[in-house]
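Residues per chain are reported as follows:
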Amino acid sequence: MNQYFFSFIICMFISSPVLYSQSTIVEGEVTSNNGEPLPGVNVIEKGTSNGTVTDFDGLYSIKVTTERPTLIFSSIGFGTQEISAANTSSLNVILEEDAQALDEVVLVGYGTQKKQDLTGAIVSADLEQFQESPNTSVLQSLQGALPGITVGQTSTTGAEPDIQIRGRSTLNGSQDPLIVVDGVIYRGRLNDLNPKDIKSVDVLKDPSSKAIYGAQAANGIVIVSTKSGKSTQRPTINYSTFYAVQTPTNARRTNNRDEFLRSARDVDWENGYLAPDYTQDNPAWLPEVDPVFNPTSFEGIGNGTNFDWFGTATNPGYTLDHQLSIRGSSDKTSYFISGGLTKQVGWITNDNYDRQTVRVNIDTEITEWLTIGANTFGTFSDFSGVNPGLNALARMNPLVTPRDEEGEFIINPLGDNIVNPFLASSADDRDNLNNISAIFYASIDVPYVDGLNFRVNYSNNYRWSLRGNSNIYGAGLTGSAFKETSSTHDVLVDNILTFEKRYGSNEDHGFKATMVLGFNTIDYEQTMAEGSGFGNLALSYNSLEQAVIQRISSDASKESYTAQTGRINYDFKRKYLLSASLRRDGFSGFSENNKTALFPSVGLGWVISNEEFLVNSEAVTNLKLRGSYGSNGNLTSQYSSLSRLETPPESRYLFGDGGTTVNGQTVISLANPDLRWERTDGINIGADFGLFQGKVSGAIDYYNSRTKDLLWDFILPELSGFSSIRSNVGEIKNRGIEFSLSFSPVRSDAFNWDFGVNFASNRNEIVELLNIDADGDGQEDDLIANGLFIGESIGTIYDYEVDGFYQVNDNDIPDGWSPGLQRLVDLDNSGDISPDADRRILGRQEPAYQFGISNSLSYKSFAFKFFINSIQGGSDGYLGRNSPDLRDSFGNAQNGNRFSDIDYWSPLNPNSTYRRLGVNAPVTAQRYFDRSFVRLQDVSLSYRLPHEVLDKIGIQNLKLFLSGKNLITWTDWEGWDPETGQGLDSSNSGLPVMKSVTFGLDISF
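Residues numbered from 1 in each chain as written. Predicted model: local features only at pLDDT ≥ 70, side-chain atom pairs only at ≥ 80, totals over all residues. Heavy atoms only, no water.

As recorded by an unreviewed UniProt entry, the protein chain carries the name SusC/RagA family TonB-linked outer membrane protein and is attributed to Euzebyella saccharophila. The Subcellular location (unreviewed entry) comment attached to the protein chain in UniProt states, word for word, "Cell outer membrane". UniProt lists a comment for the protein chain under the heading Sequence similarities (unreviewed entry), and it reads "Belongs to the TonB-dependent receptor family." (UniProt positions renumbered as here; feature names shortened; annotations may be inferred.)

*Asks:* Just checking my understanding: could you explain the overall build of the protein chain for this structure?
*Replies:* On a plain count of helices and strands, the protein chain comes out with 12 helices and 48 strands. Here the C-alpha radius of gyration of the protein chain, 32 Å, is about what a compact globule of 1005 residues would show, namely 30 Å. With respect to the principal axes defined by its C-alpha atoms, the protein chain has extents near 100 × 70 × 70 Å. Relative to its 1005 residues, the protein chain shows a buried fraction of 50%. Considering only residue pairs separated by 6 or more positions, the protein chain has 69% of its internal contacts joining residues 24 or more positions apart. Between the averaged position of the 78 positive side-chain charges in the protein chain and that of its 123 negative side-chain charges there is a distance of 6 Å. (Helix = DSSP H or I, 4+ residues; strand = E, 2+ residues; numbered from the N terminus. Rg over C-alpha atoms; globule rule 2.2 N^0.38 Å. Buried < 20%, exposed > 50% of the residue type's maximum accessible area, 1.4 Å probe, protein only. Contact = heavy atoms within 4.5 Å. Lys, Arg positive; Asp, Glu negative; His and termini not counted. Charge placed at Lys NZ, Arg CZ, Asp CG, Glu CD.)

*Asks:* Any chance you could explain the sheet that holds strand E7 (residues 93–95) here in plain terms?
*Replies:* In a beta sheet, neighbouring strands are held together by backbone hydrogen bonds and run either parallel or antiparallel to one another. Within the open sheet, the 3 strands sit side by side as E4-E1-E7. Their pairing is mixed. The open sheet has two edge strands, strand E4 (59–63) and E7, and neither has a second partner. Strand-to-strand twist across the sheet, computed as the mean angle between neighbouring axes with direction ignored, equals 30°. As judged from the 3 bridges shared by strand E1 (residues 25–32) and E7, these two strands associate in the parallel manner. Paired with serine 32 across the strands is leucine 95, a residue of E7. (Pairing = 2+ DSSP bridges. Axes fitted to C-alpha atoms, helices over the stretch in contact; angles between N-to-C directions.)

*Asks:* Sorry if this is basic, but what is going on with the UniProt feature "domain: TonB-dependent receptor plug" (unreviewed entry) in the protein chain here?
*Replies:* Here, UniProt's "domain: TonB-dependent receptor plug" (unreviewed entry) annotation points to residues 114–221. Split by type, residues 114–221 is 4% helix and 23% strand. Its first and last C-alpha atoms lie 18 Å apart.

*Asks:* How should I be thinking about the environment of glycine 58 in this particular structure?
*Replies:* Relative to the helices and strands, glycine 58 is located in the loop between strand E3 (51–53) and E4. By relative accessible area, glycine 58 is classed as buried at 0%. Measuring from C-alpha to C-alpha, the distance between glycine 58 and glutamate 780 comes to 70 Å, with 722 residues separating the pair along the chain.

*Asks:* Explain a negative patch on the surface to me, please; I cannot follow it from the model alone.
*Replies:* Negative charge collects at one region of the surface, where Glu27, Glu36, Asp57, Asp749, Glu948 and Asp951 lie side by side. For glutamate 36, the location among the structural elements is in the loop between E1 and strand E2 (42–45). (Patch = residues over 30% accessible without salt bridge, like charges linked within 9 Å, V, L, I, M, F, W, Y side chains within 5 Å. Areas by Shrake-Rupley, 256 points an atom, 1.4 Å probe, with all protein chains shown as cover. Salt bridge = Lys/Arg side-chain N within 4 Å of Asp/Glu carboxyl O.)

*Asks:* For this particular structure, what's the right way to read the UniProt feature "domain: TonB-dependent receptor-like beta-barrel" (unreviewed entry) in the protein chain?
*Replies:* Per the UniProt entry, the sites bearing "domain: TonB-dependent receptor-like beta-barrel" (unreviewed entry) are residues 448–967 in this numbering. Annotation note: span residues 448–967, helix share 3%, strand share 55%, distance between end C-alpha atoms 60 Å.

*Asks:* Hey, could you run me through a nonpolar patch on the surface in this one?
*Replies:* A cluster of nonpolar residues, Leu578, Val602, Leu604, Tyr629, Ile683, Ile685, Ile700, Tyr702, Ile737 and Phe739, forms a patch on the protein surface that exposes about 800 Å² of accessible area. Of all elements in the fold, only strand E28 (596–607), strand E34 (678–691), strand E35 (696–715) and strand E36 (724–747) reach the threshold of two or more residues within the nonpolar patch. Residue placement: phenylalanine 739 occurs in strand E36. For phenylalanine 739, a relative accessible area of 30% gives the class partly exposed.

*Asks:* Looking at this structure, how should I read the pattern of salt bridges?
*Replies:* Two side chains bearing opposite charge may form a pair once their charged atoms approach each other closely. A complete count under the given rule lists 41 salt bridges for this structure. The partner of glutamate 484 in a salt bridge is arginine 467, with the nearest N and O atoms 3.3 Å apart. In this pair, glutamate 484 sits in strand E24 (residues 480–503) while arginine 467 sits in strand E23 (residues 452–471), placing the two residues 17 residues apart along the sequence. Looking at arginine 467, the relative accessible area reads 32%, which means it is partly exposed. Beyond isolated ion pairs, a larger network of salt bridges with shared partners links Lys624, Arg626, Asp688 and Asp701.

*Asks:* Hey, could you run me through the packing of aromatic side chains in this one?
*Replies:* Each aromatic ring pair is characterised by the separation of its centres together with the angle its planes make. All told, the structure shown has 33 aromatic pairs when counted by the stated rule. Pairing phenylalanine 293 with phenylalanine 298 gives two aromatic rings, centres 6.2 Å apart and planes at 50°, and the pair type is tilted. The exposure class of phenylalanine 293 is buried, given its relative accessible area of 3%. Relative accessible area serves as the criterion here: at 29%, phenylalanine 298 is assigned to the partly exposed category. (Phe/Tyr/Trp six-rings, centres within 6.5 Å; stacked < 30°, edge-to-face > 60°.)

*Asks:* Mind showing me how you'd approach the sheet that holds strand E15 (residues 198–204) here?
*Replies:* Taken in spatial order, the 5 strands of this open sheet run E10-E15-E16-E13-E14, and their pairing is mixed. Each having just a single partner strand, strand E10 (122–124) and strand E14 (184–186) make up the two edges of the open sheet. For this sheet, the mean angle separating the axes of adjacent strands, direction not counted, is 30°. Sheet topology places strand E13 (residues 178–181) next to strand E16 (residues 221–226); 4 bridges connect them, and they run parallel. By the bridge assignment, isoleucine 179 is partnered in E16 with valine 222.

*Asks:* I keep staring at the environment of phenylalanine 739 and nothing clicks. Help me out?
*Replies:* Residues phenylalanine 739 and arginine 262, spaced 477 residues apart in sequence, show a C-alpha to C-alpha distance of 53 Å. Those residues in contact with phenylalanine 739, other than ones at most four positions away along the chain, are Pro147, Ala699, Ile700, Val757, Asn758 and Phe759.

*Asks:* Just checking my understanding: could you explain the pairing of E24 for this structure?
*Replies:* Relative to E24, E23 runs antiparallel, the two being bridged by 20 bridges. For tyrosine 462, the partnering residue across the bridge sits in E24 and is histidine 489. The pairing of E24 with strand E25 (residues 509–532) spans 24 bridges and is antiparallel. Bridge pairing in E25 links valine 493 to phenylalanine 519. Connecting the antiparallel pair E24 and E25 is a turn made up of 5 residues, with glycine 504 showing a positive phi of about 100°.

*Asks:* How should I be thinking about the side chain of serine 940 in this particular structure?
*Replies:* The residue serine 940 is located in strand E46 (residues 933–944) in this model. A polar atom in the side chain of serine 940 sits 3.4 Å from the side chain of glutamate 132. Setting aside anything within four residues of it in sequence, one finds serine 940 in contact with Glu132, Ala863, Phe864, Lys865, Leu962 and Ser963. (Polar contact = N/O pair within 3.5 Å; in protein donor to acceptor, adjacent residues only side chain to side chain.)

*Asks:* Just checking my understanding: could you explain helix H6 (residues 295–303) for this structure?
*Replies:* Since the α-helix advances by 3.6 residues per turn, residues separated by three or four positions end up pointing in the same direction. Buried residues of H6: Ser297, Gly300 and Ile301, and no others. In a view along the axis of H6, the buried residues occupy a sector of 105°, so they form one face of it. Exposed side of H6, more than 90 degrees from the buried face: Pro295, Glu299 and Gly302 are the residues found there. Among the structural elements, helix H4 (257–267) and helix H11 (890–895) are those in contact with the buried residues of H6. Just beyond H6, the residue with positive phi is glycine 304, at close to 75°. (Arc of directions from axis to C-beta.)

*Asks:* Could you clarify how one ought to interpret the nonpolar core in this entry?
*Replies:* In globular proteins that are soluble, nonpolar side chains generally tend to be buried together. Formed by 27 residues in total, the largest nonpolar core has its most connected members in Phe310, Trp347, Leu390 and Ile902. Of all elements in the fold, only helix H7 (309–313), helix H8 (390–395) and helix H9 (421–425) reach the threshold of two or more residues within this core. Those residues in contact with isoleucine 902 that sit more than four places away from it in its chain are Arg252, Pro884, Leu886, Tyr914 and Leu984. Grouped together as the second largest cluster of nonpolar side chains are 22 residues, Leu139, Leu142, Val222 and Phe377 included. (Core = buried A, V, L, I, M, F, W, Y, C linked by side-chain atoms within 4.5 Å.)

*Asks:* How should the pairing of E36 be read in this particular structure?
*Replies:* Sheet faces and side chains relate simply in a regular strand, where the side chains alternate between the two faces. Here E35 runs beside E36; their pairing, made up of 19 bridges, is antiparallel. Bridge pairing in E36 places tyrosine 702 opposite isoleucine 737. Relative to strand E37 (residues 751–768), E36 runs antiparallel, the two sharing 15 bridges. In the strand pairing of E37, lysine 733 is matched with glutamate 765.

*Asks:* Is there a simple way to think about the confidence of the model for the protein chain in this case?
*Replies:* Close inspection of predicted coordinates is inappropriate in any region flagged by low pLDDT. Here the protein chain averages 89 in pLDDT, and 95% of its residues register 70 or above. Low pLDDT (under 50) marks residues 4–22, which in the prediction has 27 contacts with non-local residues, meaning those over four places away or in another chain. (pLDDT = per-residue confidence, 0-100.)

*Asks:* So what exactly am I meant to see when it comes to H4 here?
*Replies:* Judged by how many residues are buried, H4 sits mostly within the fold: 8 of 11 residues are covered. Restricting attention to buried positions, one finds in H4 the residues Arg257, Phe260, Leu261, Ser263, Ala264, Arg265, Asp266 and Val267. Each element contacted by the buried residues of H4 is listed here: helix H5 (269–272), H6 and H11. Two or three places before aspartate 258, at the start of H4, stands the capping residue asparagine 256, its side-chain oxygen 3.3 Å from that residue's backbone nitrogen.

*Asks:* Honestly, unusual backbone geometry in this entry has me stumped. Any pointers?
*Replies:* Keep in mind that most residues, glycine aside, have a negative phi and that most peptide bonds are trans. Geometrically, the link from alanine 275 to proline 276 is a cis peptide bond, its omega value of 5° lying close to zero. With respect to the element layout, proline 276 can be found in the loop between H5 and H6. Even without being a glycine, aspartate 182 presents a positive backbone phi close to 50°.

So, in structure tokens, the structure goes:
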């Protein structure tokens, strides 16, 4: 498949209209009005696609091809100039700053807005900071970089990072932010978007800004814009590649032979060590005669086996990435075409990911009033392969091997019920995810009505998966196989009418109105066939009819959305700002009585720096106060308000001997005709500032919101025949503060320095739950079984308190306990440990605050960047469970292996962190520890070839770079990684976070 993919990309680029001819050479320098050279200025010969860009020193050289050439000079933030170059070979140009062009434009939902006109909290990502990082998802470039945005680490290849905006404000509702790509709602994987294709990412955080998306906006909005051709830009071909070598951030291993045998003695310490102190080895204790050892381990003891299961299944991983694009435009048409190949080979066997992407973005001005375009992409991902699993690998002791003398797998190497982990990884596995999308749009500047525009967006997104697996060792060694297909078809249409105009003799009044009418339908289908008991699996999962036991299943669903939206923006003299919106949403998943809801918002702003007393200030160049209120919603699952039926096997009935089997139907859920939207209402108060001509800038925000009508599965009595019903209950409060600061202390021809810091703190609090007072104490009851407490955070940790361990010579060891087991605090001094009286709130899972620090220095052709990310728990926050599996029986503890860095109790190690091996107490507490960390997340060094060299070799730009990711982590957390919360325990579902060293190249023609 790769060869066809490459052929397509190459043909696509060859067919592009890139024509060159040679004539007079015109050279010169482009500077600003204060004499500074301007790099990156587009220089285009008018009426042709011939062009170039100025280098780092503002110099350019172009071979003009027409008889009387005119050159067009353009750059963001400066006015465009057209200058005749006839009869000259030298032309120096001074570009004037364009005050209007300098206004940063951000995406706000169904349109754009100048940043100086915003009344809400919207932040834009600095994607340039992470260009040299080996990121396979654009979300990785947001990690720690934006205040209030938490992006999680990934630990498996091709994994989608988790993202949370301003903490958590729901119990059972969706916690995922809404993703908008090129103006339309997108429900596919963000990993399917090639990071190299993305131009900008804006995040809407406050309720007012989010309200434009109403019922789907409670968790924030991430707006992604992909690249297009620049105005009057000659075709530019870009190729970039990188190779990253990856290993775990924390290098762990399992016990070798000697360490394993020592741990076996620790398990049986009463016999393995000499009384009374049990600190000296008992020479009479030998593993060869220990009756708890399995026969397979006996054999390994005798023949000196020391097999490294963990090392055999793990090796340094790598990521290899290739990207090729062409970008350009004529007077009427612009285009961006790209193709990419990404290959990730993981640290553990069969953790692999291959991605192929292609994108074509094109728009053309048909007439002065009509522009049409299309943004299309296709992504084809392969996750095939089953890894052996860390949990099973860690249990395999070094005295046994995975294969016998004939080279065949040993099914149960330990001689117990633990299966050889390499059996699963020997499966023939297929796991393909595919995604194709097309957004077609037409934009009409309505003739004879100045400022009125109508735009229609039509999006068609089709996502499908193909999965298959066969394993001769499956289904109790009888062989198993399955084949599954699923697809999702997502269709969206938005009709957007926008009117924008300034009024008054001095255009003092600015007015912009937007109206949106849209609908969205999503169709899902899934079919699966599986079987077990195969006599022959030579055809893998492609001959399921050979199975003795065959099962088929299928599924389908459909959901639909409608929306009507109106928004008004007004400003007076660009000093006083007003914005307001109202959205009416409808969703098929809600109850018959609550299909629709209204979501309003209003925002106010005061641009103090535009007042007469500050307008000429050299110290304060920008100062704005803003405040907003908004209402947002959260969705439920498709059919949660309906009574649902199913036909399980136990509902089948056979009518008499030889009769037919009839499928019965069982009601599995109760309908709730009053189920309604989960609603979040909140305020945001903030300020934006810029000082000393932009050398210092920043923003600060405070927010406070309340979520009511929480979506919750209300537990029902067993007599009802149902376990729960989806209902609306309770209330949650969510508040926080954020700020960001940017500094540009040095700006010169040779050296530049930029420095930034961001900070965010968030707290949530449960205000109300079920409003039930079962114990009659006059206060609403907590939901202790669910870990939910009135007045506490959602992530509250409620457990026993551990006060060390019982020791060998202690005289107060209760019945059922023994030396090496946890000494639990008896809070009520009753002499017994009970869950009702002796558990307390230990802390919370949510962090106290997080911050990020960015730094960028450039000297001539060299650039050095680094980024530090940190999450801190404070006194009792950001706690994570870290309780390794120490086994609950002698046999499991002595025959099973474990990681070498687990600090377990033994008479030789009485002040350990964890209890003894092989024995557990009647009551045991989970252990929670601080996950706080500071991480050197990204660091890079790059070099761009000077323009003198580039001119000689005929290329536009060439950059070489070396970068590191997650190189150093400062933390007290023990185990794999604090950010993911993976501790000392081994888990099949999660793998370690990787650190990497990357080498890369970026070249443009």
